[in-house]
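Structural description and commentary
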Amino acid sequence: MRSGAGRVGVLLVGLLAVTACAPGAPPGPDATPSAPPRPLPDPMPTEPGSLEEAIAERRSVRELVDRPLSDAQIGQLLWSAQGITGSRGRRAAPSAGATYPLEVYVATAAGVTRYEIADHALSDHLDDDRRSALAAAALGQEWIADAGAVVVLTGVVERTADRYDDRAERYVLLEAGHAAQNVLLQATALDLVGVPVGAFDDEDVRQVLALPTDEQPLYLLPIGFPSD
Ligand SMILES: Cc1cc2nc3c(=O)[nH]c(=O)nc-3n(C[C@H](O)[C@H](O)[C@H](O)COP(=O)(O)O)c2cc1C
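Here is what the cut-offs are and how they apply
- Residues numbered from 1 in each chain as written.
- Predicted model: local features only at pLDDT ≥ 70, side-chain atom pairs only at ≥ 80, totals over all residues.
- Helix = DSSP H or I, 4+ residues; strand = E, 2+ residues; numbered from the N terminus.
- Buried ≥ 20, exposed ≤ 12 C-beta atoms within 10 Å, placed from the backbone.
- Contact = placed C-beta atoms within 7 Å.
- Core = buried A, V, L, I, M, F, W, Y, C linked by C-beta atoms within 7 Å.
- Pairing = 2+ DSSP bridges.
- Expected span 1.5 Å × (residues − 1).
- Arc of directions from axis to C-beta.
- Axes fitted to C-alpha atoms, helices over the stretch in contact; angles between N-to-C directions.
- Parallel < 35°, antiparallel > 145°, perpendicular 65-115°, else oblique.
- Left-handed = near helix turned anticlockwise from the far one by under 90°.
- Nonpolar A, V, L, I, M, F, W, Y, C, P; charged D, E, K, R; others polar.
- pLDDT = per-residue confidence, 0-100.

Concerning the overall build of the chain
In terms of helices and strands, the chain carries seven helices and seven strands. Moving toward the C terminus, one meets the helices and strands of the chain in the order α-α-β-α-β-β-β-α-β-α-α-β-α-β. Every one of the 228 residues in the chain was classed for burial, and the buried ones make up 33%. Pairs at least 24 residues apart make up 69% of the contacts formed inside the chain by residues separated by at least 6 positions.

Written out as structure tokens, the structure is:
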């Protein structure tokens, strides 16, 4: 069973890596007739410290040095994911109907903490290093254990389903993507590297992190220092 899951994981990671530019299906019957593509103005120059620079520089890097991140770095990453940025509890990432289904954990060498969003604070959750166990749950992606911090996004679908019924699962996944990209761009801006990891066994991650039963693990974001 495990080796089957592992093969699926390796296949998934491989497909994610190589299928980025697969051609789309032909346009629908009402689409505008084809014309030569019109060139766009060049993207804005990537000034140091700009959003454009972070977008351009972000890369998935899996060769990491196992070194702890500072509290300031971890705090900044978590704020980027779900920090309060506006009135009435509005957060750094958009949320369908402001239903806010996401929760955020951080696994480090020191243990696992939970991001207390309203207070911008960490509460203790588990007091030992679970990064290797997360790597195993991620179908044996061993490099995850070298990430100074593994940010984990979970979702409580019921919060969004109360308003959006059967659209909720889609919305929660989309929202996790928004939060994850914020974290990855923020990591880049902090001269850190990270990878979005979707290939994992849900139940294994749930057990490794002792998640509440209503929280579904959605995304692992190992963030750390590049080895070169
Ligand atoms: C939904 C999703 C799941 C992914 N899962 C994994 C994963 O499990 N392991 C991994 O190493 N990379 C994973 N990736 C990262 C992709 O392999 C990577 O983004 C892709 O190769 C493009 O490279 P870049 O991120 O450097 O632009 C995932 C990316 C996405 C969007």
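Focus: the nonpolar core
One finds Leu134, Val150, Val151, Leu153 and Leu220 to be the most contacted residues of the largest nonpolar core, which totals 51 residues. Those elements giving two or more residues to this core turn out to be α3 (71-82), β2 (102-108), β3 (111-116), α4 (131-137), β5 (149-155), α6 (168-189), α7 (202-208) and β7 (216-226). Per element, the largest residue contribution to this core is nine residues, and it comes from α6. Look past the residues within four positions of Leu153 in its chain and what remains in contact with it is Ala81, Leu102, Val104, Ala176, Ala179, Ala180, Leu218 and Tyr219.

Describing the pairing of β7
Within a regular strand, side chains alternate between the sheet's two faces. Here β7 lies mainly inside the structure; nine of its eleven residues are buried. Bridge count for strand β1 (residues 64-65) against β7 is two bridges, and the pairing is antiparallel. Paired with Val65 across the strands is Phe225, a residue of β7. Inspection of the sheet shows β5 paired to β7 by seven bridges, in the antiparallel sense. In the strand pairing of β7, Val150 is matched with Pro222. Bridge analysis of strand β6 (residues 193-194) against β7 gives two bridges, and the strand direction is antiparallel. Across the sheet, Val193 pairs through a bridge with Gly224, a residue of β7.

As for α3
An ideal rise of 1.5 Å per residue puts 16 Å on twelve residues; α3 measures up with 16 Å between its terminal C-alpha atoms. When we look at burial in α3, the residues that qualify are Ile74, Leu77, Leu78, Ser80, Ala81 and Gln82. For α3, the buried positions fall inside an angular range of 165° around the axis, keeping them on one side.

Considering the packing of helix α5 (residues 157-164) against α6
Where α5 contacts α6, the axes come no closer than 8 Å and their chain directions differ by 130°. As the angle between them shows, α5 and α6 are arranged oblique. Like other packed secondary-structure pairs, α5 and α6 cross with a definite hand, here right-handed. Contacts from Val157, Thr160, Ala161 and Tyr164 of α5 reach α6 at Ala168, Glu169, Tyr171 and Val172. Within the contact of α5 with α6, the residues separate by chemical class into six nonpolar, one polar and one charged.

Examining the packing of α3 against α6
Taken N-terminus to C-terminus, the directions of α3 and α6 make an angle of 150°; their axes are 7 Å apart at the nearest point. Handedness of the crossing formed by α3 with α6: right-handed. Along its contact with α3, which presents Gln76, Leu77, Ser80, Ala81 and Gln82, the element α6 presents Ala179, Asn182, Val183, Gln186 and Ala187. Residue composition of the contact of α3 with α6, grouped by class: five nonpolar, five polar and no charged.

What to know about the pairing of β3
Judged from the four bridges that link them, β2 and β3 form a sheet pairing that is antiparallel. Bridged to Val106 within β3 is Thr113. Here β2 folds back onto β3, and the loop between the two strands holds two residues.

Describing the environment of Ala137
Turning to its location among the elements, Ala137 is positioned in helix α4. Given 23 C-beta atoms within a 10 Å radius, Ala137 is considered buried. For Ala137 and Asp204, which are 67 residues apart along the polypeptide, the C-alpha to C-alpha distance reads 5.3 Å. Apart from the residues lying within four places of it in its own chain, the contact partners of Ala137 are Phe200, Asp201, Asp204, Val205 and Val208.

Observations regarding the confidence of the model for the chain
Looking at the chain, pLDDT values average 91 and 90% of them are 70 or higher. Segment residues 1-22: pLDDT under 50, and eight contacts once partners within four positions in sequence are set aside and those in other chains are kept.

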